[in-house]
Amino acid sequence: MSLISSGRENLVDQRFESNPPKKALYPNKLFTRLVAKDIVFEDTDFKYTIFDSCYLRNCKFNNCDFIGCRFINSNFHGSSFIGCKFDYSYFEKTFVDNDILDSNAPAGENLKQRFARTLRTNFQSLGDSVSVNKAIVYELAAAKEHFFKCWKSNESYYRKKYKGFDRVKQFVLWLNFKVFDFVWGNGESLLKLARFIFIVFLGMTLLDVLLYHDSKAPP
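Every chain begins its residue count from 1, and numbering advances along the sequence as written. Totals for whole chains, interfaces and linings use every residue, but because this is a predicted model, local features are given only for residues with pLDDT of at least 70 and side-chain atom pairs only at 80 or more, for both listing and counting. Side-chain numbers here rest on the full set of heavy atoms in the structure, without hydrogens or water.

Trainee: Sorry, what's going on with the sheet that holds strand E10 (residues 80-82) here?
Mentor: Adjacent strands of a sheet pair through backbone hydrogen bonds, lying either parallel or antiparallel. Pairing between strands requires that DSSP locate at least two bridges from one strand to the other. Only DSSP runs of H or I with at least four residues qualify as helices, and only runs of E with at least two residues qualify as strands; both kinds are numbered from the N terminus onward. Here three strands make up an open sheet; going across it, the order is E5-E8-E10 and the pairing parallel. The open sheet has two edge strands with one neighbour each: strand E5 (40-42) and E10. Taken pair by pair, the neighbouring strands of this sheet meet at an average axis angle of 10 degrees, ignoring direction. With three bridges connecting them, E5 and strand E8 (residues 60-62) associate as parallel partners. Among the inter-strand pairings, Val 40 is bridged to a residue of E8, identified as Lys 60. Fitted lines through C-alpha atoms give the axes, limited to the stretch in contact for helices. The angle between two N-to-C directions lies from 0 to 180 degrees.

Structure representation (structure tokens):
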């Protein structure tokens, strides 16, 4: 058999009573109903850990590693995240402040887009429309930069992954994104939509004047 155990440790109904030491290690855990309040986590390693039905209130996570983590049915009310890594992380029905987007987004544009998307769907499941709108802004910005780099950037990652016709396809995707961004902000800007409608009507008026003004003039 080629399958082996991942060694994930299942920790049920645990509680942090004091701050863990700096650079504490909790990778590949399954925390079920974990509880913590006013706890400070410094450089803590949580890689590939699952937080299920956990309650961590008013905690501070500074430079912690949440790569590959899953947050399910959990509550991080009042908790802050500064300089944490959330590459390939996933959120589902989890209460978390939307400022997590401000200083914790992954470095790569594709990872930023994925991070913002999972938070957007998470906020939507909670009915938090303000946070949904904020996540959409981050997601669109990351998507715009990602599409541009896919066809334009000389970075080795993009040039190895997108070659020949694939590069042309990415240019078309970027151009399509830019057009819809100009027309209506990809569905997120009524102001841009109103501006586009005004431009269309102005163009129709000018065209009418240029083409039909003389024919309508009295003899």
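Trainee: Before we go on, may I ask you to explain helix H2 (residues 109-126) in this structure?
Mentor: Because an α-helix packs 3.6 residues into every turn, residues spaced three or four apart end up facing the same way. Take the residue count of a helix, subtract one, and multiply by 1.5 Å to get its expected span. The end-to-end C-alpha separation of H2 is 26 Å, in line with the 26 Å expected for 18 residues at 1.5 Å each. Within two residues after H2, Gly 127 carries a phi angle of roughly 75 degrees, on the positive side.

Trainee: Looking at this structure, how should I read the pattern of salt bridges?
Mentor: Put simply, a salt bridge is a Lys or Arg side-chain nitrogen that is within 4 Å of an Asp or Glu carboxyl oxygen. Evaluation of the coordinates by the stated rule reveals eight salt bridges. Taking the shortest distance from any N to any O, the salt bridge between Lys 29 and Glu 9 comes out at 2.7 Å. Here Lys 29, found in strand E3 (residues 29-32), pairs with Glu 9, found in strand E1 (residues 9-12); they are 20 residues apart in sequence, far enough to count as distant. Of the charged contacts in the structure, one is a salt bridge between Lys 22 and Asp 43, with a shortest N-O distance of 3.8 Å. In this pair, Lys 22 is assigned in the loop between strand E2 (15-16) and E3 and Asp 43 in the loop between E5 and strand E6 (50-52), connecting sequence segments 21 residues apart. In this scheme, a residue with accessible area under 20% of its type's maximum is buried, one over 50% is exposed, and one in between is partly exposed, where area comes from a 1.4 Å probe on protein chains only. A relative accessible area of 57% means that Lys 22 is categorised as exposed. Overlapping salt bridges bring together Asp 45, Lys 47 and Asp 65 as one network.

Trainee: Looking at this structure, I do not really get a nonpolar patch on the surface. What am I missing?
Mentor: A cluster of nonpolar side chains, namely Phe 165, Val 168, Phe 171, Val 172, Leu 175 and Val 179, defines an oily patch on the protein surface of about 550 Å² accessible area. Tracing the backbone through its elements, the reader meets Val 179 in helix H5 (residues 165-184). Note on Val 179: relative accessible area 44%, which makes it partly exposed. To count toward a patch, a residue needs a relative accessible area over 30% and no salt bridge; like charges are then connected within 9 Å, while nonpolar side chains (Val, Leu, Ile, Met, Phe, Trp, Tyr) are connected within 5 Å. Every accessible area reported is derived by Shrake-Rupley at a probe size of 1.4 Å, with residue values counting cover from the shown protein chains alone.

Trainee: Please clarify how the side chain of Ser 89 should be interpreted in this entry.
Mentor: In this fold, Ser 89 is placed in the loop between E10 and strand E11 (90-92). The definition of a polar contact used here is a pair of N or O atoms within 3.5 Å, where within protein one atom must be able to donate a hydrogen and the other to accept one, and adjacent residues in sequence count solely through side-chain atom pairs. Looking at Ser 89, its side chain comes within polar contact range of the main-chain oxygen of Phe 86, at 2.7 Å. Leave out the neighbours within four places in its chain, and Ser 89 touches Phe 66, Gly 68, Cys 69, Phe 71, Phe 115 and Thr 118. It only takes one pair of heavy atoms within 4.5 Å for two residues to be counted as in contact.

Trainee: Looking at this structure, I do not really get the packing of aromatic side chains. What am I missing?
Mentor: Remark: the centre distance and the inter-plane angle together describe each pair of aromatic rings, the angle taken between the planes. Geometry of aromatic contacts follows a simple scheme: Phe, Tyr and Trp rings, the Trp one being its six-membered ring, pair when their centres are within 6.5 Å, and the pair is stacked under 30 degrees between planes, edge-to-face over 60, tilted otherwise. Within the structure shown, the criterion is met by 27 aromatic pairs. Ring centres of Phe 46 and Phe 66 lie 5.1 Å apart, and the angle between their planes is 5 degrees; this geometry places the pair in the stacked category. Of this pair, Phe 46 sits in the loop between E5 and E6 while Phe 66 sits in the loop between E8 and strand E9 (70-72), and the two are 20 residues apart along the sequence. By the burial criterion, Phe 46 is buried, and Phe 66 matches it.

Trainee: Explain the sheet that holds E2 to me, please; I cannot follow it from the model alone.
Mentor: An order of E2-E4-E7 is seen for the three strands of this open sheet, with the pairing classed as parallel. Bordering the open sheet on either side are E2 and strand E7 (55-57), each of which pairs with just one other strand. Looking at chain direction, strand E4 (residues 35-37) and E7 are connected through three bridges and run parallel. Bridged to Val 35 within E7 is Tyr 55.

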